[in-house]
Amino acid sequence: MPTAQLTLDPRFTIGAVHRRVFGSFVEHLGRCVYDGLYEPGHPTADEEGFRTDVLELVRELGVSTIRYPGGNFVSGYRWEDGVGPREDRPKRLDLAWHSLETNQVGLHEFARWNDKAGSELMLAVNLGTRGVLEALDLLEYSNVRSGSALSDQRIADGTTEPFGVKMWCLGNEMDGPWQLGHRSAEDYGKIAAQAAKAMRQLDPSVELVVCGSSNSAMPTFGAWERTVLEHTYEDVDFISCHAYYAERNGDLAGFLASAVDMDHFIESVVATADHVKAELRSAKTINIAFDEWNVWYQERFHAEDQITDIEQWPYAPRLLEDAYHVADAVVVGSLLISLLKHADRVTSASLAQLVNVIAPIMTEPGGPAWRQTTFFPFALTSRLARGSALRVELSSETYRTTEHGDVPLVDAVATHDPETGATAVFLVNRAIEGPTTVTVDARSLGDVRVLETHTLNDDDPYAVNTLAEPTRVAPVTNKSAHLQDGVLTIELPPVSWTAVSLG
Ligand code: AHR
């Protein structure tokens, strides 16, 4: 049986675990909002039409910050359509997803939903088809207490207190030719700098995210980040990363190593940001908002299949409703490990998305809501990862992949909260054929015991939770965990993700 060894030491700190790393993303896309989190008439709907069964799952998932309202959608969005009396709100054609947008959920409704979910609202402004003025208008409407035209309009529209939105994305995926208003790095860098300066003039406390690349395979990757940051460096706080992974051509071994790509992506963007810092002789450090990441089987979605008829604009169509299997969840768990391994620079992240659309939570109109397999590693990591992320000095056998070269069979990260003493280890076993035994030297933690273990795996790595069988897959206690003389030994089944909490 292969083995791996790691060492836990609270002194091996990478950086604080920022709660915003456990963010998510709600886009007006498919059934994420309509017939997802919002379904008036559903037996569990509250007085505002929000499904309380979905809200309960969102709270259990432990999401911190929710990015809204897109995604590609935002590049055609007029935020004013979503405020004021609902009966007066226009129906619009959403070009990004070829759908009908009824605007029955807008800023006020979504802000209230966030309060109910216990999450922080993060907004994106439209820098695709709109510009600096509209971004300023939205900021004034959202964050100014009263006494100006737009703040008073917000009050008249029903919300007395400012929304107080701190995190703002300056557009979405502006490097992508599919984006409405797609621009070159030069052109986007200029408008993003203007928007950022203007927004800070209005509210100096905002934290701004400038668009990085839509993925690391974009032909402009690297050069895009450099040019955009050369224009915006002193005016923004974060640069975004987006990455989606999928099993391709039956290459499960390669798919399980997806986090190797995420590691490389993060380290490349950090290097580029630091290069610009040096060039500009700046004292400031730009961090990463990994504000879209997940497993997504993009080849199942063909935009051109959607656009069939100029007269047909479906309302809440079933789009991007991937059913996630066990291996997908193991990859999601390993991507979380990658984010935590870079806790010093990745200080915000958003699992894309939250409900129905490439989501950890699925719903059926008039029916139940259930947890996808990917729900579990997210919820457990969000709950157990506290304090600081720790390097674990891992030693593991490797295996060969076509896409990522030689990859460690096991990957891991730990977290430790010096105030409570709570320690957690997150591990992934990428071996397909059999278990791997891991020994964890935890002697530096003193007299601790194993509090919880959770292992997600299945004899069938392609098992899924569905409407018919919503609880087919769930994590179980790992009974092999054994701590003696400060050394933890645990057996990780093949294609598995595990969390262990010590205290
Ligand atoms: O999350 C789905 C889509 O993926 C988003 O709208 C876009 O930003 C990305 O390409």
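Scope of this entry: the structure provided in the associated data block. What you see is a predicted model; the values in this text were computed from it and never measured. (Residues numbered from 1 in each chain as written. Predicted model: local features only at pLDDT ≥ 70, side-chain atom pairs only at ≥ 80, totals over all residues. Heavy atoms only, no water.)

## Overview of the pattern of salt bridges
It is possible for side chains of opposite charge to pair when their charged atoms get near one another.
And then number 1: Using the criterion set out here, one finds 34 salt bridges in the structure.
And then number 2: Residues Arg-145 and Glu-161 are paired through a salt bridge, measuring 3.2 Å at the closest nitrogen-oxygen approach. You can see Arg-145 sitting in the loop between helix 3 (132-143) and helix 4 (149-156) and its partner Glu-161 sitting in the loop between helix 4 and strand 8 (167-170), a full 16 residues away along the chain.
And then number 3: Salt bridges linked by common partners bring Asp-46, Glu-47, Glu-48, Arg-112 and Lys-116 together as one network. (Salt bridge = Lys/Arg side-chain N within 4 Å of Asp/Glu carboxyl O. Helix = DSSP H or I, 4+ residues; strand = E, 2+ residues; numbered from the N terminus.)

## A few points about empty space enclosed by the protein
And then number 1: A full pass over the atoms with the stated rule returns 3 cavities of 30 Å³ or more.
And then number 2: One number sums up the size of the largest cavity: a volume of about 150 Å³.
And then number 3: In this structure, the largest cavity is lined by 16 residues; those nearest its centre are Pro-69, Tyr-77, Trp-79, Ala-124 and Leu-138.
And then number 4: Split into classes, the residues belonging to the lining of the largest cavity amount to 11 nonpolar, 3 polar and 2 charged.
And then number 5: For the second largest cavity, the calculated volume is near 80 Å³.
And then number 6: Taken together, His-28, Leu-29, Gly-30, Val-33, Tyr-34, Asp-94, Ser-99, Leu-100, Glu-101 and Ala-316 make up the lining of the second largest cavity.
And then number 7: Per element, the largest residue contribution to the lining of the second largest cavity is 3 residues, and it comes from strand 6 (residues 99-101). (1 Å grid on protein atoms, 1.4 Å probe; cavity = no way out; pocket = protein on both sides within 12 Å on 5 of 7 lines; lining within 4 Å. Points joined across faces, edges and corners; volume = space filled by probe spheres on them. Nonpolar A, V, L, I, M, F, W, Y, C, P; charged D, E, K, R; others polar.)

## Points about unusual backbone geometry
And then number 1: With omega at 0 degrees, the peptide bond leading from Tyr-68 into Pro-69 counts as cis.
And then number 2: With respect to the secondary-structure elements, Pro-69 resides in the loop between strand 4 (65-68) and strand 5 (92-94).
And then number 3: The omega torsion across Ala-352 and Gln-353 is 0 degrees, close enough to zero to call that bond cis.
And then number 4: In this structure, Asp-35 is a non-glycine residue whose phi angle is positive, near 65 degrees.
And then number 5: Mapped onto the elements, Asp-35 comes out in the loop between strand 3 (23-25) and helix 1 (52-61).
And then number 6: Residue class for Asp-35 comes out partly exposed when judged on its relative accessible area of 22%.
And then number 7: With a phi close to 50 degrees, Arg-281 is a non-glycine residue in the positive phi region.
And then number 8: Within the fold, Arg-281 resides in the loop between helix 8 (258-279) and strand 11 (287-295). (Buried < 20%, exposed > 50% of the residue type's maximum accessible area, 1.4 Å probe, protein only.)

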